[in-house]
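# A closer look at the structure
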Amino acid sequence: MDMLGYETMQSFEHAINRAIGTCTTLGIPVLENFEQCAREVNGETVSDYKLSRFACYLVAMNGDVRKGPVAQAQAYFATLAQAAQEYIQSVQDVERVQIREDVSDRERSLSSTAKRAGVSEYGFFQNAGYRGMYNVDLGKLKEMKGLRDRSRSLLDFMGKRELAGNLFRLTETEARLKQEKIQGQRPAENVAFQVGRKVRNIMIDNTGTRPELLPLTGDIKDVRKGLKHTAKELKKLDKPKGKKG
């Protein structure tokens, strides 16, 4: 905690929880990488974590880059001159993995809420949200963005900012359906469209770039695969020199 510039466990735990979430998403054992422990500080026993090298990597990538030690840790992993370097992912990519998982969770939750609101054609409801945010139907959006494999989700190729925008859209759509006790296919579609349009306007106001013009990035499947390789390679570096097996 102290080594990364965090003064309180509360502020540190946000990065820890995001890192643990990434481990869980990747199917990597959490307890092997994050060990809760206690240590003495100024005569008081406080909670802390003993991290594997991979856990430290994830915490650094999920940390507050405004903190000097966090930035230094990120730089260390970005230039790691050992076998793991081939698989080291950028901060943006590491964050994409967790946001993509959050989006999947929110989609499942929104689907249940929409069903309770009387939505029987979920594809039309989903498309209304995309039309609001992107000004085109989902199929046309895939074409515009150059996604060749139409069976794949655009979400798997979106950058961090665009993913976060969609997470916000889904979250607020669900909140409004519940708050206004919306019932019926068409009223629900109207809500999805209106929320999508508000998110679109916010993004354009912030940067001047329309969401449909945001470029796609690498396949999230490749990022996950790279992170799993990173975990294996960094685990090797955790072993004492001369110890085999």
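The sections below set out a description of the structure shown in this document. For clarity, every value in this text was computed on a predicted model and none was experimentally measured.

Attention now moves to the pattern of salt bridges. A complete count under the given rule lists 16 salt bridges for this structure. Residue glutamate 174 pairs with arginine 106 through a salt bridge whose shortest N-O separation is 2.7 Å. Of this pair, glutamate 174 sits in helix H7 (residues 160-179) while arginine 106 sits in helix H4 (residues 91-116), placing them 68 residues apart in sequence. With a relative accessible area of 3%, glutamate 174 lands in the buried category.

Enumeration over the complete set of coordinates arrives at 3 aromatic pairs. Centre to centre, the rings of phenylalanine 54 and tyrosine 57 are 5.9 Å apart; their planes meet at 35°, and the pair counts as tilted. Of the two residues, phenylalanine 54 and tyrosine 57 are both situated in helix H2 (residues 53-61); the distance of 3 residues between them amounts to about one turn of the helix. Pair check on accessibility: phenylalanine 54 and tyrosine 57 agree, each one buried. Lying across the ring of tyrosine 130, arginine 169 places its NZ or CZ 4.7 Å from the centre.

Notably, asparagine 135 is not glycine yet its phi reads approximately 75°, a positive angle. Within the secondary structure, asparagine 135 sits in the loop between helix H5 (122-134) and helix H6 (138-145). Here asparagine 135 falls in the partly exposed class, since its relative accessible area comes to 47%. Within the chain, lysine 181 stands out as a residue other than glycine whose phi angle is a positive 50°. Tracing the sequence through the fold places lysine 181 in the loop between H7 and helix H8 (185-207).

Turning our attention to the side chain of asparagine 127. Relative to the elements of secondary structure, asparagine 127 occurs in helix H5. Given a relative accessible area of 18%, asparagine 127 falls into the buried group. There is a polar contact of 3.0 Å between the side chain of asparagine 127 and the side chain of aspartate 137.

So, about the environment of leucine 147. You can see leucine 147 is positioned in the loop between H6 and H7. In this structure, leucine 147 is in contact with Lys142, Arg152, Ser153, Leu154, Phe157 and Leu216, ignoring residues within four places of it in sequence.

This part takes up the packing of helix H1 (residues 9-26) against H4. At a minimum axis separation of 9 Å, H1 and H4 run at an interaxial angle of 75°. Between H1 and H4, the angle falls in the class roughly perpendicular. Of H4, the residues touching H1 (which contributes Arg18, Gly21, Thr22 and Thr25) are Val97, Gln98, Ile99, Glu101 and Asp102.

So, how was this worked out
All residue numbers here refer to positions counted from 1 along the written sequence of the relevant chain. For a predicted model such as this one, the threshold for reporting local features is a pLDDT of at least 70, and the threshold for listing and counting side-chain atom pairs is 80 or more; totals across whole chains, interfaces and linings nevertheless cover every residue. To get the side-chain values, all heavy atoms of the structure are used, and hydrogens and water are removed first. A pair is scored as a salt bridge if a Lys or Arg side-chain nitrogen falls within 4 Å of a carboxyl oxygen belonging to Asp or Glu. Every helix listed is a DSSP run of H or I at least four residues long, and every strand listed is a run of E at least two residues long, numbered separately from the N terminus. Note on exposure labels: buried denotes an accessible area under 20% of the residue type's maximum, exposed denotes more than 50%, and partly exposed covers the range between, all computed with a 1.4 Å probe on protein chains only. Any two of the Phe, Tyr and Trp rings considered here, Trp counted by its six-membered ring, make a pair once their centres fall within 6.5 Å; the pair's planes then place it as stacked at under 30 degrees, edge-to-face at over 60, or tilted in between. For a lysine, the NZ atom is tested; for an arginine, the CZ atom; a charge sits over a ring if that atom is within 6 Å of the ring centre and within 35 degrees of the ring normal. Polar contacts here mean pairs of N or O atoms no more than 3.5 Å apart (in protein, one a potential hydrogen donor and the other a potential acceptor; neighbouring residues in sequence count only if both atoms are side-chain atoms). In this description, contact between two residues means that some pair of their heavy atoms is separated by no more than 4.5 Å. Helix axes are fitted only over the stretch in contact, all axes being lines through C-alpha atoms; the angle between N-to-C directions runs from 0 to 180 degrees. The scheme is simple: roughly parallel for angles under 35 degrees, roughly antiparallel for over 145, roughly perpendicular for 65 to 115, oblique for anything else.

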